[in-house]
Amino acid sequence: MKKTTLILVFSFFALFSIGSLAMVNYKPELKKQLKETYGSLLEYNKEPKAPEPVEPLPEETFAVTDLKVFKGRLSKDAYEDHLQAAELKGIGLIEDEKRLFQLVEKGDLVEANSGVGYHVDDLTHSHPYITKASKKVLEELGKTFQALAGGENFFTVTSVTRTEEQQKKLSRRNRNATAGESSHSFGVSFDISYIRFNGIKAYDQKAIKQLETVLNHFQQTGKIYVIKERKQSCYHITVR
C-alpha cells in the first residue's frame with residue numbers, strides 16, 4: 001500500500017514538472033516572469049562585471065573675454081574702505097608672530113606661495129600667509145594676468161601679511177608705512193609691484209597696463225580695493 005502511494009505521488013510531481021516546463025516554453029510571458037524573479041538567485045555566484053571606464057572631463061580653459069579695454073588711470077579706493085573690508089573679511093587683528101603662527105597651525109591662514117601668473121618675492125617685513133579667500137583671489141588675479149599677457153608672464157607680490165608689531169616697527173623706519181592699524185594685519189591684503197615683471201626690475205609700460213586692466217576688472221566686479229602707492233612702486237590690494 002505504501003509502495004503504491006509513493007509511486008502515485010512521484011508520478012504526480014513528474015507530470016506536474018513536465019506540465020510546468022511546457023507552460024514556460026509555450027508562454028513567453030511566464031518564462032520572462034520566472035527569469036526576472038529567480039534569475040538573480042541563479043547568478044549570485046558569477047563574477048561581477050567590471051565597471052565601464054569613465055572618461056575624464058576636459059580641463060577648463062581660462063578666458064579673458066569679460067575684460068573690458070581699460071584706458072585712463074586706475075581708480076583709487078579710500079584707505080578707510082581697505083581697513084573696513086579688512087576688519088569685516090579678515091581673520092581679526094594679528095598682534096604678533098605668536099598669534100600669526102597659531103592661525104597658520106589652525107588653517108585659518110594659508111601660505112601664499114608662487115603660482116600661475118604671480119611670484120611672491122623674498123619677504124623681509126611681512127609673512128607669506130593670507131586667508132583662504134584672499135589666496136583664491138590672488139590666484140584668480142595671476143591666472144587672469146597670464147591669460148591676458150600670454151606665455152608664462154607673471155607679476156610680483158612684494159608684501160603680504162604684517163603683524164601689528166611689525167607694522168609699528170616699519171612705521172618708525174618708513175614714513176610711508178601706515179601708523180596704527182593696517183589692513184595688512186588682518187590677513188586679506190597684499191602688495192603687487194608695478195616695476196617687477198617676470199623676475200626683472202624695470203618699467204614695462206605694456207605689462208603695467210595689462211596688470212591695471214586686470215585690477216580694474218576685479219575692482220569693478222567688487223572683489224578688491226586698490227591703492228596705487230607711487231613711493232613704494234606697488235598696488236596695495238585688499239580683498240573684499
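The structure we're discussing is the one just above.
Quick caveat, the model's predicted, so the values are computed rather than measured.

Draft legend 1. Inspection of the overall build of the protein at higher detail. A count of helical and extended segments in the protein gives seven helices and eight strands. Within the protein, contacts between residues separated by at least 24 positions form 69% of all contacts whose residues are at least 6 apart in sequence. Counting every atom, the protein has about 16,400 Å² of accessible surface; 54% of that belongs to carbon and sulfur.

Draft legend 2. Summary view of helix H3 (residues 79-89). All of the buried residues in H3 are His82, Leu83, Ala85 and Ala86. The buried side chains of H3 occupy one side of the element, clustering within an arc of 160° when seen end-on. Opposite the buried face of H3, by more than 90 degrees, sit the exposed residues Glu80 and Leu88.

Draft legend 3. Highlighting the pairing of strand E7 (residues 224-229). Pairing geometry for E7 and strand E8 (residues 234-239), over six bridges, is antiparallel. Within the sheet, the bridge partner assigned to Val226 lies in E8 and is Ile237. In this antiparallel pair of consecutive strands, E7 and E8, the connection spans four residues, and Ser233 shows a positive phi of 55°.

Draft legend 4. Highlighting the environment of Gln219. As for its position among the elements, Gln219 is in helix H7 (residues 205-220). Along the backbone, Gln219 and Ser75 are 144 residues apart, and their C-alpha atoms lie at a distance of 8.5 Å. In this structure, Gln219 is in contact with Leu74, Ser75, Asp77, Ile224, Val226 and Arg240, ignoring residues within four places of it in sequence.

Draft legend 5. Representation of the pairing of strand E4 (residues 155-159) in the model. The buried fraction of E4 amounts to four of the five residues, a majority that puts the element mostly inside the structure. Taken together, the three bridges between E4 and strand E5 (residues 189-197) define a ladder with antiparallel strand orientation. Bridge pairing in E5 links Phe155 to Phe197.

Draft legend 6. Layout of the pattern of salt bridges. Throughout the structure, instances matching the rule amount to five salt bridges. Note that Asp121 and Arg196 form a salt bridge whose closest N and O atoms lie 2.5 Å from each other. Of this pair, Asp121 sits in the loop between strand E2 (118-120) and strand E3 (129-130) while Arg196 sits in strand E5, placing them 75 residues apart in sequence. Judged by its relative accessible area of 29%, Arg196 falls in the partly exposed class. The partner of Glu212 in a salt bridge is Lys228, and the shortest N-O contact between them spans 3.6 Å. Here the residue Glu212 occupies a position in helix H7, and Lys228 occupies one in strand E7, the gap between them amounting to 16 residues.

Draft legend 7. Up close: the side chain of His236. Residue placement: His236 occurs in strand E8. Polar side-chain contacts of His236 include one of 3.0 Å to the side chain of Asp191. Setting aside residues up to four positions removed in sequence, His236 forms contacts with Tyr79, His82, Ser183, His184, Ser189, Phe190, Asp191, Tyr225, Val226, Ile227 and Glu229.

Draft legend 8. Seen up close, the environment of Leu103. Here Leu103 is to be found in helix H4 (residues 97-106). Exposure remark for Leu103: the relative accessible area of 1% places this residue in the buried category. Linking Leu103 and Thr131, residues 28 residues apart in sequence, is a C-alpha distance of 9.5 Å. When residues no more than four places from it in sequence are discounted, the contact partners of Leu103 are Ile91, Ile94, Asp108 and Leu109.

What counts and what doesn't
Residues numbered from 1 in each chain as written. Predicted model: local features only at pLDDT ≥ 70, side-chain atom pairs only at ≥ 80, totals over all residues. Heavy atoms only, no water. Helix = DSSP H or I, 4+ residues; strand = E, 2+ residues; numbered from the N terminus. Contact = heavy atoms within 4.5 Å. Areas by Shrake-Rupley, 256 points an atom, 1.4 Å probe, with all protein chains shown as cover. Buried < 20%, exposed > 50% of the residue type's maximum accessible area, 1.4 Å probe, protein only. Arc of directions from axis to C-beta. Pairing = 2+ DSSP bridges. Salt bridge = Lys/Arg side-chain N within 4 Å of Asp/Glu carboxyl O. Polar contact = N/O pair within 3.5 Å; in protein donor to acceptor, adjacent residues only side chain to side chain.

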